[in-house]
Amino acid sequence: MAEKADHETDIPPALDPAVLAGLDALPSGITIWRPDRRLVHVNETLRRTLGIAPAFGELFDDFVIRLAHSREVVLEDPNRWVREEIADFGQEKSADYILAAGLVMNVTQRPTRDGGMAATYSDVTTTKRNEHALREAKETAEATDEAKSRFLRAANHDLRQPLASLKILIYSCMREADEETRAEMLHAMSVAALIMEDLLGALLQIGQLDAGRIKPRVTSFQLSQLFERLNIQFRHQAEEKGLRLRFVTPRDTVATDRALLERILSNFVANAIRFTEVGGVVIGCRKEGKLLRVEIVDTGRGIKDADRERVFDEFYRVTDERRSEKTGLGLGLNIVRRLADLLELPVGLRSRSGHGSIFSVTVPFGNIWHSEGGDAEISEAVAGEFVGVPVLLVEDDDILRRSMTQLLQRWGIEVHAAANEDEALRLARGGAQVRLIIADYNLTSRTGLEVVRELRKAFGTETPAFIVTADAEPKVLNGIREAGLPVLIKPASPPRLRVLMHNLLFEPEQIRRPD
C-alpha cells in the first residue's frame with residue numbers, strides 16, 4: 001500500500017465536504033485548531049469579515065502575532081494581548097473587540113475533545129449599539145428623574161417662601177391702622193404674588209415644551225414693539241437696584257413668533273438685571289447680512305468657565321446663584337434655549353467672570369409691508385372711561401368673584417356678579433342690561449362658552465364677551481378663539497384686563513379674529 005502524504009492527515013474524517021460547506025454557510029466566522037495549535041479550517045464568513053484570516057496549517061501563535069500587528073483590531077497593548085492569547089489557547093473564554101472598520105466582534109473560544117480549540121467570530125455591532133443606546137437612555141432618564149426631584153424640592157421651597165410672606169402680610173395688614181404701613185404691606189404682597197405668578201408661568205411653559213404643545217406662529221413685526229414692552233416690564237426693577245436700563249430701539253422688522261421671541265428676550269433681560277449689581281444693561285441690535293442679532297449686554301458678575309457650558313441646562317443654577325440667590329429655579333435660560341431651538345434661532349453667549357456677559361439671539365429680517373400693528377396700550381391712569389358701564393361677571397370661585405368685583409368697581413363699573421349660569425340667566429331675564437360679559441371657562445356645570453351663548457339669547461343681542469381661564473391647554477384656547485371670543489389666561493393682570501375691556505367696548509377692530 002502506498003504511503004499516505006502528510007497533508008492527507010491534516011483534515012480529520014469529520015470535516016468532509018458537506019460539513020465544510022455547512023460551516024461556510026454560517027453567519028459567524030469559524031476557526032478550528034488541532035491540539036498541535038495548527039489551523040484545520042477557517043470558513044468563508046471569517047475571511048470576508050476579518051480581512052486578515054489564518055492560513056491552512058498556520059500556527060495559532062503566528063496568527064495571533066500577525067493579527068496584533070495588522071491593526072485590523074483596536075488593541076491598547078498588542079504585545080500583552082499576544083502573550084495572553086497564546087497562554088489561553090484551548091481555554092474557554094469570550095471577549096469583544098473593536099475592528100478598525102468600526103465593527104464590534106465577539107470572539108468565543110471552546111476546547112475540543114481532542115485537546116484542540118474551536119472559535120466563533122460574531123458581528124455584534126448592532127447589539128452593542130442598542131445596548132449602548134439603552135444604557136444612555138437609562139442614564140439620561142435617571143439623571144432627569146434626579147434633576148426633577150431636585151427641582152420639585154426647590155420649587156416647593158421657592159413657592160413656600162412668597163406664600164409664607166403673603167400669609168404673614170395678610171394677617172398683619174388686616175390689623176394695621178396706619179395707611180402708609182398698609183400701603184407698604186400691600187406692595188410687598190403684590191411682589192410676593194408676582195414671584196409666584198412668574199414661577200408658575202415658568203412651570204407651565206416647561207410642561208408645554210415637554211409635551212410638544214407649543215407651536216410657533218411666524219409673522220413679521222417691528223422689533224421696537226417688543227423693546228417698548230420690555231422697557232415697561234423691567235424699568236422699575238432696574239431702578240430699584242440703581243441700574244441703568246437702556247434700549248437702543250431699532251426700526252427693523254423681523255420674522256418669527258412674536259410671543260416666543262418676547263419670552264426669550266424677557267428671560268435674558270431678567271437674568272441680566274438679576275446678576276448685575278453696578279452699572280446697567282443695554283439691549284440693542286447688530287446686522288449680520290440677512291439676519292439681525294439682538295444683544296443683551298450687562299456689566300454684571302459674568303459667568304465662570306465651569307458654568308458657561310451648562311447655564312442653558314434645565315434646573316442648573318450657577319455657583320454664585322446657589323450661594324446668594326434663592327428665588328430662581330434654573331429654568332429661565334433653559335426655556336430660552338428650548339424656545340430658540342423650536343424657532344430655529346441661534347442663541348449666543350460671551351462672558352468673562354467679573355466683567356459682564358452678552359447674551360444674544362439672531363432672527364431673520366421680515367417684510368415691513370406684512371408686519372402686524374402693535375397692541376393697543378391703555379394706561380392704568382386713564383380715568384372715567386368705564387364709569388357707569390354695566391358688566392356681567394360669571395365666576396364660580398367665591399374669592400376670585402369678590403376680588404374681580406372690587407377691582408371692576410374701582411374702575412367705576414356697575415358689576416352684576418353671578419356664581420353660575422342660573423344666576424346669570426336670572427339677572428338677564430330680570431331686566432339687567434349689560435354692555436360686556438366676562439365668563440370663567442370652567443364653571444360648575446357648563447363651560448363659559450355655553451353660558452355666553454345662552455346669555456346672548458336672553459339679551460337678544462351679540463353682547464361683547466370674553467373668557468378667562470386657568471386652563472392653558474392649546475385645545476381649550478383654540479376652541480375659545482374658534483368660537484370668536486377673546487381669552488385671558490389666569491391670573492390675568494389688571495392692565496391686560498383693562499386693555500381687552502377697552503378694545504371690546506370702544507375699539508372692537510383692535511381685537512384680532514382667529515385665522
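Above this text sits the structure in question.
Everything quoted here is computed from the prediction, not taken from an experiment.

J.: Looking at this structure, I do not really get the packing of aromatic side chains. What am I missing?
T.: Aromatic ring pairs: the centre-centre distance and the angle between the two ring planes describe each pair. Taken as a whole and assessed by the stated rule, the structure comprises eight aromatic pairs. Put simply, the rings of W33, F60, F63 and F89 touch in pairs and so form one group of aromatic residues. Seen from the ring of F221, R258 lies directly overhead, with NZ or CZ sitting 6.0 Å from the centre.

J.: Quick question: what am I supposed to make of the nonpolar core here?
T.: Nonpolar side chains tend to gather and get buried jointly when the protein is soluble and globular. Ranked by internal contacts, the top residues of the largest apolar core, which has 37 residues, are L223, L261, L265, F268 and I283. Taken together, the elements giving at least two residues each to this core come down to α7 (223-240), β7 (244-247), α8 (258-274), β9 (280-288), β10 (291-298), α11 (332-343) and β12 (357-364). Look past the residues within four positions of L223 in its chain and what remains in contact with it is P250, D252, V254, L261, C285, L292 and V294. Judged by nonpolar contacts, the second largest core, of 24 residues, contains W33, V64, A68 and L75.

J.: How should I be thinking about the packing of helix α13 (residues 421-429) against helix α14 (residues 448-459) in this particular structure?
T.: Any two packed helices are characterised by how steeply their axes cross, that is the angle between the axes, and by the distance between the axes. At a minimum axis separation of 9 Å, α13 and α14 run at an interaxial angle of 15°. Here α13 lies roughly parallel to α14, going by the angle between them. Crossing hand, α13 versus α14: right-handed. Side by side, α13 and α14 meet where E421, A424, L425 and A428 of the first sit next to V451, E454, L455, A458 and F459 of the second.

J.: What is the right way to read the pairing of β10 from this model?
T.: In the case of a regular strand, side chains alternate between the two sheet surfaces. Taken across its eight residues, β10 has six buried, putting it largely inside the fold. Relative to β10, β9 runs antiparallel, the two sharing eight bridges. Its bridge partner being in β10, V282 is matched across the sheet by V297. Here β9 folds back onto β10 in antiparallel fashion, the turn holding two residues, of which G289 has a positive phi close to 65°. Relative to β12, β10 runs antiparallel, the two sharing eight bridges. Residue pairing in the sheet places V294 in a bridge with V361 of β12.

J.: Just to check I follow, could you spell out the pattern of salt bridges for this structure?
T.: Close approach of charged atoms allows side chains with opposite charge to pair. Evaluated as defined, the whole model comprises 22 salt bridges. Linking E85 and K93 is a salt bridge whose minimum nitrogen-to-oxygen distance equals 2.6 Å. Taking the relative accessible area as the measure of exposure, E85 reaches 9% and is therefore buried. Where R293 meets E295, a salt bridge forms, and the shortest distance between an N and an O atom there is 2.7 Å.

J.: Mind showing me how you'd approach the sheet that holds β7 here?
T.: Backbone hydrogen bonds are what pair the strands of a sheet, in a parallel or an antiparallel way. Read from one edge to the other, the open sheet built from five strands follows the order β7-β9-β10-β12-β11, with strand pairing classed as mixed. Edge positions in the open sheet fall to β7 and β11 (347-351), since each of these has one partner strand only. For this sheet, the mean inter-axis angle between neighbouring strands, taken without regard to orientation, is 20°.

J.: Any chance you could explain the environment of R453 here in plain terms?
T.: On the secondary structure map, R453 appears in helix α14. A sequence separation of 10 residues divides R453 from T463, and the C-alpha atoms of the two residues are 9.7 Å apart.

J.: Just to check I follow, could you spell out α8 for this structure?
T.: The periodicity of an α-helix, 3.6 residues per turn, causes residues three or four places apart in sequence to face the same way. With 17 residues, α8 should cover 24 Å at 1.5 Å per step; its first-to-last C-alpha distance of 24 Å lies within 8% of that length. For α8, a buried count of 13 out of 17 residues is recorded, marking the element as mostly surrounded by other parts of the structure. Structurally, the start of α8 carries an N-cap: the backbone nitrogen of L260 is 2.9 Å from a side-chain oxygen of D257.

J.: Before we go on, may I ask you to explain a negative patch on the surface in this structure?
T.: A surface patch of negative charge is lined by D178, E179, E180 and E184. The topology assignment puts D178 in the loop between α5 (125-175) and α6 (179-210). Under the relative-accessibility criterion, D178 is labelled partly exposed at 37%.

J.: Got a minute to help me understand the sheet that holds strand β18 (residues 487-489) in this structure?
T.: An order of β15-β14-β16-β17-β18 is seen for the five strands of this open sheet, with the pairing classed as parallel. The two strands at the open ends of the sheet, each matched to only one other strand, are β15 (414-418) and β18. Neighbouring strand axes in the sheet, compared pairwise and without regard to direction, differ in orientation by 20° on average. In this structure, strand β17 (residues 465-469) lies alongside β18, joined through three bridges in parallel fashion. The partner of V468 across the bridge, within β18, is L488. Along the sheet, α14 contacts β14 (390-394), β16 (436-440) and β17; its crossing angle with β16, the most-contacted strand, is approximately 150°. Packed onto the sheet, helix α16 (residues 494-506) meets β16, β17 and β18 and runs at close to 160° relative to β17.

Parameters at a glance
- Residues numbered from 1 in each chain as written.
- Predicted model: local features only at pLDDT ≥ 70, side-chain atom pairs only at ≥ 80, totals over all residues.
- Heavy atoms only, no water.
- Phe/Tyr/Trp six-rings, centres within 6.5 Å; stacked < 30°, edge-to-face > 60°.
- Lys NZ or Arg CZ within 6 Å of the ring centre and 35° of its normal.
- Core = buried A, V, L, I, M, F, W, Y, C linked by side-chain atoms within 4.5 Å.
- Buried < 20%, exposed > 50% of the residue type's maximum accessible area, 1.4 Å probe, protein only.
- Helix = DSSP H or I, 4+ residues; strand = E, 2+ residues; numbered from the N terminus.
- Contact = heavy atoms within 4.5 Å.
- Axes fitted to C-alpha atoms, helices over the stretch in contact; angles between N-to-C directions.
- Parallel < 35°, antiparallel > 145°, perpendicular 65-115°, else oblique.
- Left-handed = near helix turned anticlockwise from the far one by under 90°.
- Pairing = 2+ DSSP bridges.
- Salt bridge = Lys/Arg side-chain N within 4 Å of Asp/Glu carboxyl O.
- Expected span 1.5 Å × (residues − 1).
- Polar contact = N/O pair within 3.5 Å; in protein donor to acceptor, adjacent residues only side chain to side chain.
- Patch = residues over 30% accessible without salt bridge, like charges linked within 9 Å, V, L, I, M, F, W, Y side chains within 5 Å.
- Areas by Shrake-Rupley, 256 points an atom, 1.4 Å probe, with all protein chains shown as cover.
- Lys, Arg positive; Asp, Glu negative; His and termini not counted.
- Charge placed at Lys NZ, Arg CZ, Asp CG, Glu CD.

Taken by themselves, the reported measurements are silent on function.
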